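# Residue-level structural notes
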Amino acid sequence: MNDQIKGSDLKRTPNLPHDAGGPVFNAPWEAKAFAMTVDLHKRGVFDWSEWCDTLADEIKSAQAAGDPDLGDTYYKHWLKALETLITAKNVSTAERLLAAKEDWRAADQHRGLGEAPVFVKGAAQPGA
């Protein structure tokens, strides 16, 4: 498998927000989700065509469920598609992904204004 993402691959990525310089992001987590996807592709977890198909399916499902498709939910669909592939390829389980998501949410809720969140594995668990 070729581990390089070419400009032609990015052009095939469904509805990717971009400008002349490449992909654009509205929040740091969007850039991180993008980077994780590229990294998993480079590691051979999935090829870019498979990624594009999974993302397109997620977008279609969201639209069918009533997503108004205004562009503000694009990276939420990206993240859902990434979670789908990660679990389908047995990289992680849905339970582990949910636990990590909750730990990050807890870290963000307990940070001070202007401070970076501090991730503590299991922090969102009762009694942790």
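Here's a quick rundown of the structure. (Residues numbered from 1 in each chain as written. Predicted model: local features only at pLDDT ≥ 70, side-chain atom pairs only at ≥ 80, totals over all residues. Heavy atoms only, no water.)

## Observations regarding the packing of helix α2 (residues 28-42) against helix α4 (residues 74-88)
For any two helices packed against each other, one specifies the inter-axial angle together with the distance between the axes. Interaxial distance between α2 and α4 falls to 10 Å at its minimum, and their mutual angle equals 35°. Once α2 is placed against α4, the crossing between them reads as left-handed. Contact residues: Trp29, Glu30, Ala33, Phe34, Met36, Thr37 and Leu40 in α2; Tyr75, Lys76, Trp78, Leu79, Leu82 and Ile86 in α4. Across the contact of α2 with α4, the residue classes tally to 10 nonpolar, one polar and two charged. (Axes fitted to C-alpha atoms, helices over the stretch in contact; angles between N-to-C directions. Helix = DSSP H or I, 4+ residues; strand = E, 2+ residues; numbered from the N terminus. Left-handed = near helix turned anticlockwise from the far one by under 90°. Contact = heavy atoms within 4.5 Å. Nonpolar A, V, L, I, M, F, W, Y, C, P; charged D, E, K, R; others polar.)

## Observations concerning the environment of Ala31
Residue placement: Ala31 occurs in helix α2. In this structure Ala31 comes out as partly exposed when scored by relative accessible area, which is 28%. The spacing of Ala31 and Tyr75 is 44 residues in sequence and 9.1 Å in space, taken between C-alpha atoms. (Buried < 20%, exposed > 50% of the residue type's maximum accessible area, 1.4 Å probe, protein only.)

## Points about α4
When the terminal C-alpha atoms of α4 are compared, their 21 Å separation across 15 residues agrees well with the 21 Å that a helix rising 1.5 Å per residue should span. Those residues of α4 not exposed but buried are Tyr74, Tyr75, His77, Trp78, Ala81, Leu82, Glu83, Leu85 and Ile86. Looking at the buried positions of α4, the neighbouring elements they touch are β2 (22-23), α2, α3 (48-64) and α5 (94-109). Positive backbone phi, approximately 60°, marks Asn90, located one or two places after α4. (Expected span 1.5 Å × (residues − 1).)

## With respect to the pattern of salt bridges
Taken as a whole, this structure holds three salt bridges when the rule is applied. As a salt-bridge pair, Asp39 and Arg43 come within 2.7 Å of each other at their nearest N and O atoms. We classify Asp39 as partly exposed; its relative accessible area is 32%. (Salt bridge = Lys/Arg side-chain N within 4 Å of Asp/Glu carboxyl O.)

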